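Next come the chains, spelled out residue by residue.
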Amino acid sequence: DIGGYVVLNAKIPLFQQYPQLRQHVVAALSNAIKEIISPVVERSVTIACITSRELILKDFAFEAEEGQLKVASHLMVQNLAGSLALVTCKEPLRHSMCNQLRAMLQKMQVADVAT
C-alpha cells in the first residue's frame, strides 16, 4: 500500500473542498504504478541482462574465478536495470497518473480545475 508514502498538501483548495479526495488520489496513483511497472521492469531487465552479458564477457574474459564473475554480473544487472527502469518510467508514469486522476475526478464529477 502506497498510502503512507503519498503526501498531499492540505492547503490545496480542491482537497479542502473534497476531503474524501485523498483516498481516491492514492488509489489512482496505485493503479497508475501497477499499470506501468510491469512492462518497464521487464524491458529494463532484458536490456540490462543483454548489456551486462556483453560487458562481463569482455571485461572478465581472462578471469579464472567463476564466483567473481557471477558477483560482478549480478551487481551490474541490478544497478543497470534499476537505473534504466527509473529513467524509462518517468514520462509514462506521469501520463498514466494524469489519466488515472482525470478518470477518477470525472467519475466523482469534480470540475476540471487544471484547465
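Residue indices begin from 1 for each chain and proceed along its sequence in written order. Local features in this predicted model are restricted to residues of pLDDT 70 or higher, and side-chain atom pairs are both shown and tallied only at a pLDDT of 80 or more, whereas totals for entire chains, interfaces and linings draw on every residue. Each side-chain value is worked out from all heavy atoms of the structure, with water and hydrogens disregarded.

Visitor: Whenever I open this one, the environment of Lys-58 confuses me. Can you help?
Guide: Secondary structure elements are defined from DSSP: runs of H or I of at least 4 residues count as helices, runs of E of at least 2 residues count as strands, and each element is numbered from the N terminus. Along the chain, the position of Lys-58 falls in helix α2 (residues 21-59). With a 1.4 Å probe rolled over the protein chains alone, any residue whose accessible area is under 20% of its type maximum counts as buried; one over 50% counts as exposed, and the rest are partly exposed. On the basis of relative accessibility, which here comes to 59%, the residue Lys-58 falls in the exposed class. Among the polar contacts made by the side chain of Lys-58, one reaches the side chain of Asp-59 at a distance of 2.7 Å. The term polar contact refers here to a pair of N or O atoms within 3.5 Å; inside protein, the definition further demands a hydrogen-donor-capable atom paired with an acceptor-capable atom, and it admits residues adjacent in sequence only when both atoms are side-chain atoms.

Visitor: What is the right way to look at the pattern of salt bridges in this model?
Guide: Think of it this way: side chains of opposite charge can pair up when their charged atoms draw near. The salt bridge criterion pairs a side-chain nitrogen of Lys or Arg with a carboxyl oxygen of Asp or Glu, the two atoms within 4 Å. Taken as a whole and assessed by the stated rule, the structure comprises 4 salt bridges. In this structure, Glu-54 and Arg-53 form a salt bridge, with 3.2 Å as the shortest nitrogen-oxygen distance. Residue classification places Glu-54 among the partly exposed residues on the basis of a relative accessible area of 45%. The exposure class of Arg-53 is partly exposed, given its relative accessible area of 48%.

Visitor: So what exactly am I meant to see when it comes to the confidence of the model for the protein chain here?
Guide: Note: predicted coordinates in regions of low pLDDT should not be interpreted at a detailed level. Residues at a pLDDT of 70 or more form 95% of the protein chain, whose mean pLDDT is 88. For the protein chain, helix α1 (residues 13-17) is the element with the lowest average pLDDT, namely 86, and α2 is the one with the highest, namely 92. The predictor reports its confidence for every residue as pLDDT, a score running from 0 up to 100.

Visitor: Can you walk me through helix α3 (residues 66-108) in this structure?
Guide: Taking 1.5 Å as the rise per residue, α3 with 43 residues should run 63 Å; its terminal C-alpha atoms sit 59 Å apart, in good agreement. To get the bend at a residue, fit one axis to the 7 residues ending there and another to the 7 starting there, then take the angle between the axes. Residue Cys-89 marks the point of greatest curvature in α3, where the axis turns by about 40°; the proline Pro-92 follows within four residues. Ala-72, Ala-81, Ala-85, Cys-89, Leu-93, Ser-96, Gln-100 and Met-104 are the residues of α3 that are buried. Residues count as neighbours in contact if any of their non-hydrogen atoms are within 4.5 Å of one another. On its buried face, α3 sits against α2. Expected span of a helix: the number of residues minus one, times 1.5 Å.

Visitor: Help me understand the side chain of Ser-96 in this model?
Guide: Examined against the element boundaries, Ser-96 turns out to sit in helix α3. Taking relative accessible area as the criterion, Ser-96 reaches 4% and is therefore assigned buried. Here Glu-35 takes part through its side chain, which lies 3.3 Å from a polar atom of the side chain of Ser-96. Excluding anything up to four places from it in sequence, Ser-96 contacts Ala-32, Glu-35 and Ile-36.

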